Amino acid sequence: MNIVVAMKQIPDLQQIRIRNRQPLFDDVPLTLGTIDKNALEAAVVLKEADESIKVTVLSAGNEEVEDTIKEALAAGADEAFLILDDALEGADSAAIAAVLAAAIKQMDGVDLILFGEGSGDNYSGQVGSRVAELLNLPQVGYVSSMEIKGGQAVVTRTLEDCDEVMEIALPGIISVMAGLNEPRIPSVTQILKAGKKPKEVLELDEVDVDIKKLAFTETISNLAPESNRKKIVVKSVDELLQGLRSENLIGR
Amino acid sequence: MAGILIFSDKTNLALELLTAANSISSSNGDIKAVTINNDEQAQALSEAGANVYRINAAELILADVSAVAAALGQAAAELGSDIILLSSNRRGKELAGRLAQVIGAGCLTDVNSLEAADGKTTCNRNALGGATVANQYLKADKQVIAIAPKSFTPAAGGSGSINDLSVEVKPSAVKLLEVKTKAGDSVDIEAAEVLVAVGQGLNSKDDLAMVEELAKLLGGEVACSKPVATDKKWLSEDRVIGLSGKICKPQLAIILGISGQVQFTVGIRDAKTIVSINTDENATINSLSDYVLTTDLHEAVKAMNAALK
Ligand SMILES: Cc1cc2nc3c(=O)[nH]c(=O)nc-3n(C[C@H](O)[C@H](O)[C@H](O)COP(=O)(O)OP(=O)(O)OC[C@H]3O[C@@H](n4cnc5c(N)ncnc54)[C@H](O)[C@@H]3O)c2cc1C
């Protein structure tokens, strides 16, 4: 069985500084989306229970993805399938979905494609659903548990007010929920071995997608909201309560 | 002129979409609403002024995103709608990308405000995990925009119409085996004037009792950071503040043992007054707070409870 896990390279959000409301990306290390890591972990857990499963990590992005993806290979993916072009950095979800779908068509006998419920940075959650439509595959999103049984998967979709237990025919697309598992931290040997795992690297023109036609989203501005908090440092609970009382926030 | 089509699985959210659609309709044309196997919702929307097109087809289930997207794609074509507004709850978000692909549209999700000007519909949405707000629009004839819950007030009053629409239902490759309703936690932290929010700084589930006492003394509700609900399972997910939880704007937020990562702060940064109690004087949340107390939260909560009783 072949499982593909789609992962997005993102800047490490915790290291982005804001100056004059502008996010600064200089020297911010690149990593993979947190929920994408949950998806990978879910695949690796399935693989550990069934040796015949092969896990391929799939990513489209700029040239740096080739290095960033080692994190996924170290964490248990068997191989990587990458489509690299600097034009893919920050590309529209529609464009990335078209590229990923085209890549999946070039792979042999894919049974299950996993996504995170949303990327770590944009959290827009479109790409998995778009790929499902492009490949005409069934999908279930917000999956909090899954089990493979023969030619299908039995999964739980967790909505705000209920859980749906679903059976989905394979090949199919599953998007996992944030936090459905605890992604493993690879050991030093695993990290060293990751560099030697097979990688297939394609250029954008090898997948025949005109991403310029799929550039739908125009960003006018992207700024941190203004914040002017008082930041009053109080020394005790009494002093805190006094402050809150003086503002009429408690004891009304 | 391009029309607007609205759809949500939830009636209250569909009514919010109707308000959103009204706010941009003068430059985008007439508004139509679609309901799927939900006559009650059709009624509510028509009573709020919408022209409703009911799709009633037993074999079409909401759990099959592929089939729902196909049905809405047909509805949009038939009704001549170029802009489709969906709700950005989980159901709507999962649907948004698929529907956009069906009709060849651009798509934005988690949109919390809309403005129509110069032939564009500009949207605000949180980006970079909530660190920034992106102001964006779609350069596409067809657009799917998913609107975050509670971004608009529900529409009320008006007189619309109810019509029937038939679509071809796409054969399903998913089966709904069981629906498990969640044990109800009917709390509405978005409506609370005072929130006492706890994070991973809380030692144990037992310590929740004193946090609840504090919330009660302040006339507020207990809320939490995500890991408290999803990892520790000490509180229900309905109480999570943040990007994947609720966006809250209380008068007073007391933040106990929460570090203040962007995915959390995006849900509380519009509070009027923020108090942070944290053992780490350099916790990120402190720079976003009005009052900062560097101490053990358990001791502080006990002292506050004693003082307020
Ligand atoms: C896509 C995505 C969406 C997310 N959505 C959300 C969301 O909606 N909401 C959300 O909350 N998170 C969300 N997160 C997770 C978020 O990034 C953080 O992991 C989370 O907010 C951290 O929770 P915390 O502050 O409670 O825990 P921690 O970061 O572990 O912080 C614990 C804090 O407690 C303090 N502390 C420890 N002991 C004590 C004590 N005795 N007394 C006082 N203080 C103490 C520590 O100094 C620390 O500051 C999301 C993440 C992703 C990737």
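Residues numbered from 1 in each chain as written. Chains lettered and ligands numbered in written order. Predicted model: local features only at pLDDT ≥ 70, side-chain atom pairs only at ≥ 80, totals over all residues. Heavy atoms only, no water.

## Examining the pairing of strand E13 (residues 252-256) of chain B
All names here are of chain B.
- Of all five residues in E13, five are buried, a share of seventy percent or more.
- Here E13 shows two buried faces, one formed by Leu-252, Ile-254 and Leu-256 and the other by Ala-253 and Ile-255.
- Sheet topology note: the strand E11 (residues 194-198)/E13 ladder contains five bridges and is parallel. Of the residues in E13, the one forming a bridge with Val-196 is Ile-254.
- Of the pairings in the sheet, the one linking E13 to strand E14 (residues 273-278) comprises five bridges and is parallel in character. For Ile-254, the partnering residue across the bridge sits in E14 and is Val-275. (Buried < 20%, exposed > 50% of the residue type's maximum accessible area, 1.4 Å probe, protein only. Helix = DSSP H or I, 4+ residues; strand = E, 2+ residues; numbered from the N terminus. Pairing = 2+ DSSP bridges.)

## Examining the sheet that holds strand E10 (residues 152-158) of chain A
- Pairing within the open sheet is mixed, and its 10 strands lie in the order E13(A)-E7(A)-E6(A)-E1(A)-E8(A)-E12(A)-E9(A)-E10(A)-E11(A)-E10(B). Here the strands that pair on one side only, and so sit at the sheet edges, are strand E13 (199-203) of chain A together with strand E10 (174-181) of chain B. On average, each strand axis in the sheet is inclined to that of its neighbour by 30 degrees, with strand direction left out of account.
- As defined by bridge partners, strand E9 (residues 139-149) of chain A adjoins strand E12 (residues 172-176) of chain A across three bridges and the pair is classed as parallel. Paired with Val-143 of chain A across the two strands is Val-176 of chain A, which belongs to E12 of chain A. (Axes fitted to C-alpha atoms, helices over the stretch in contact; angles between N-to-C directions.)

## As for the confidence of the model for chain B
- When pLDDT is averaged across chain B, the result is 95; 99% of the residues are at 70 or more.
- Interface scoring of the predicted complex returns ipTM 0.94; its pTM is 0.91. (pLDDT = per-residue confidence, 0-100.)

## Digging into the interface of chain B and chain A
- Contacts between the two partners involve 79 residues from chain B and, on the opposite side, 70 residues from chain A.
- If you sort the residues of chain B by the area they bury against chain A, Arg-90, Leu-128 and Tyr-291 of chain B come out on top, with a joint share of 12%.
- For the pair chain B and chain A, the number of links is seven salt bridges.
- In this structure, the salt-bridge partner of Lys-139 of chain B is Glu-218 of chain A, at a minimum N-O distance of 2.8 Å.
- Taken together, the links from chain B to chain A amount to 50 residue pairs in polar contact (both at pLDDT 80 or more).
- If you tally residues by element for the side of chain B that touches chain A, the top one is helix H4 (residues 90-103) of chain B, at nine residues.
- Its residues placed into classes, the side of chain B that touches chain A shows 37 nonpolar, 21 polar and 21 charged.
- Sheet topology note: the strand E14 (residues 217-223) of chain A/strand E7 (residues 132-138) of chain B ladder contains six bridges and is antiparallel. (Contact = heavy atoms within 4.5 Å. Buried area = accessible area lost by both parts, 1.4 Å probe. Salt bridge = Lys/Arg side-chain N within 4 Å of Asp/Glu carboxyl O. Polar contact = N/O pair within 3.5 Å; in protein donor to acceptor, adjacent residues only side chain to side chain. Nonpolar A, V, L, I, M, F, W, Y, C, P; charged D, E, K, R; others polar.)

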